[in-house]
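A structural walkthrough
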Amino acid sequence: MNLIIIGPPGSGKGTQGKLIAERYRIPQISTGDILREAVRNGSALGVKAKASMIRGELVPDEVVVGIIEDRLTQRDCGKGFLLDGFPRTVAQADALESMLGKRGMVIDHVINIEIEVEELIGRLRGRRTCRRCGAMYHFTFNPPKKEGICDQCGGSLYQRDDDKEETIRSRLRVYARQTGPVIQYYASEGLVRSINGFGCIDDIFHRIVEVIENGEAYAKRGSY
Ligand code: AP5
Ligand code: MG
Ligand code: ZN
């Protein structure tokens, strides 16, 4: 199964993506995670991406398209994949379509998480991420058992450089302007499954599973 999860910054793509990847045993491919790791390692890719990321702007299309092109050829994508944070522009969606077309593959569902801006800012301000395993926490909504320490691996938790209020606002503007049209792009192909992104993490996950597994029935009732 080939999935895309799309939604504004803080909508829960990473959180839900991990649960989806586990349930369907497919890799979660997050361009944001790949880029952050490159920045940490100081690789050539990291050097190219760093300035845009700090400003909350998009990294150039050719850079992220190259990442995805490499990643999709790896063996673990054979049974499917979940793209988190890609495509983010119509040009990236076009590039993905031609990449998949060459391999005779298609996207099955585009999971679109819908949520209000006010909720997003609170989520992003309080987010903490594990340096070692990437697990995500929130200091009020989903706190670790021990402050600053990952429940799963004992690694230390950090705050992302782009989770400052000003950068969050720029990311939200960029999302509306550049990624909004990507939803239209997939809507015209009938692939968008919109999910209410409010509520607790488990409830949202159940909504997603329901739509993936009973999507047809939902579509007939017109309740997306
Ligand atoms: P990226 O890493 O993709 O960031 P983003 O899209 O801004 O989204 P986030 O990762 O911030 O949020 P999320 O939706 O994953 O939410 P999360 O689950 O963490 O991209 C970062 C940057 O990289 C971009 O700005 C750009 O520069 C570059 N980039 C990446 N991809 C690119 C591309 N394709 N093209 C060009 N540039 C690219 O949840 C957020 C918080 O909320 C967490 O603390 C979590 O614990 C909490 N939370 C989650 N669910 C709930 C809930 N139901 N209730 C309460 N709290 C919750
Ligand atoms: Mg994320
Ligand atoms: Zn960890």
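Residues numbered from 1 in each chain as written. Chains lettered and ligands numbered in written order. Predicted model: local features only at pLDDT ≥ 70, side-chain atom pairs only at ≥ 80, totals over all residues. Heavy atoms only, no water.

1. As for the pattern of salt bridges
When charged atoms on two side chains of opposite charge get close, those side chains can pair. Across all of its chains, the model carries 11 salt bridges by this definition. A salt bridge links glutamate 165 to arginine 125; the nearest nitrogen and oxygen atoms lie 2.7 Å apart. Placement of glutamate 165 in helix H7 (residues 165-187) and of arginine 125 in helix H6 (residues 117-125) is noted, with a sequence separation of 40 residues between them. A relative accessible area of 32% places glutamate 165 in the partly exposed class. Classification of arginine 125 as partly exposed rests on a relative accessible area of 42%. Among the charged side chains, a network of salt bridges with common partners joins Arg127, Arg160, Asp162, Asp163 and Arg171. (Salt bridge = Lys/Arg side-chain N within 4 Å of Asp/Glu carboxyl O. Helix = DSSP H or I, 4+ residues; strand = E, 2+ residues; numbered from the N terminus. Buried < 20%, exposed > 50% of the residue type's maximum accessible area, 1.4 Å probe, protein only.)

2. Observations regarding the sheet that holds strand E2 (residues 28-30)
Where strands meet in a sheet, backbone hydrogen bonds hold them as pairs that are either parallel or antiparallel. What the 5 strands build is an open sheet, ordered E2-E3-E1-E4-E8; its pairing is parallel. Since the sheet does not close on itself, it has two edges, and those belong to E2 and strand E8 (192-196), each with one partner. Across the sheet, the mean angle from the axis of one strand to that of its neighbour is 25°, orientation sign disregarded. Sheet analysis places strand E4 (residues 109-114) next to E8, joined by 5 bridges and oriented parallel. Bridge pairing in E8 places glutamate 114 opposite asparagine 196. (Pairing = 2+ DSSP bridges. Axes fitted to C-alpha atoms, helices over the stretch in contact; angles between N-to-C directions.)

3. Things to note about the packing of helix H4 (residues 61-72) against helix H5 (residues 90-102)
Closest axis-to-axis distance for the H4/H5 pair is 10 Å, and the angle between their directions is 25°. Regarding the angle of H4 to H5, the classification is roughly parallel. You can see that H4 and H5 cross each other, and the crossing is right-handed. Facing Asp61, Val64, Val65, Ile68, Glu69 and Leu72 of H4, the residues of H5 in contact are Ala91, Gln92, Ala95, Leu96, Met99, Leu100 and Lys102. When its residues are assigned to classes, the contact of H4 with H5 shows 9 nonpolar, 1 polar and 3 charged. (Parallel < 35°, antiparallel > 145°, perpendicular 65-115°, else oblique. Left-handed = near helix turned anticlockwise from the far one by under 90°. Contact = heavy atoms within 4.5 Å. Nonpolar A, V, L, I, M, F, W, Y, C, P; charged D, E, K, R; others polar.)

4. As for the sheet that holds strand E5 (residues 127-130)
Across the sheet, 3 strands lie side by side as E6-E5-E7; this open sheet has antiparallel pairing. Whereas interior strands pair on both sides, the edge strands pair on one side only; in this sheet they are strand E6 (136-138) and strand E7 (157-158). Where E5 and E7 come together, 2 bridges link them in antiparallel fashion. Pairing of threonine 129 across the sheet is with tyrosine 158, part of E7. Running at roughly 45° to E5, H6 makes contact with E5 and E6 of the sheet.

5. Brief notes about the coordination of the zinc ion (ligand 3)
For the zinc ion (ligand 3), the full set of protein donor atoms is Cys130 (SG), Cys133 (SG), Cys150 (SG) and Cys153 (SG), at a range of 2.3 to 2.4 Å. Mapping the donors of the zinc ion (ligand 3) onto the primary sequence yields the spacing C-x2-C-x16-C-x2-C. With cysteine 133 in the loop between E5 and E6 and cysteine 150 in the loop between E6 and E7, the pair connects residues that are 17 residues apart, well separated along the chain. Relative accessible area serves as the criterion here: at 3%, cysteine 150 is assigned to the buried category. (Donors = N, O, S within 2.8 Å, 3.2 Å for Na, K, Ca; no water.)

6. What to know about the site of ligand 1
Near ligand 1 you find 36 residues, and of these Thr15, Glu57, Arg88, Arg127 and Arg171 are the closest. In this structure, threonine 31 approaches ligand 1 through a side-chain N or O atom, which is 2.7 Å from a nitrogen atom. Arginine 36 is positioned with one of its side-chain polar atoms (N or O) 2.9 Å from an oxygen atom of ligand 1. Calculation on ligand 1 without its partners gives an accessible area of 1,000 Å², and the protein chains cover 97% of this total. Residue assignment for the shell around ligand 1 shows that the elements contributing at least two residues are helix H1 (13-24), helix H2 (31-41), H6, E6 and helix H8 (201-221). (Near = heavy atom within 4 Å. Polar contact = N/O pair within 3.5 Å; in protein donor to acceptor, adjacent residues only side chain to side chain. Areas by Shrake-Rupley, 256 points an atom, 1.4 Å probe, with all protein chains shown as cover.)

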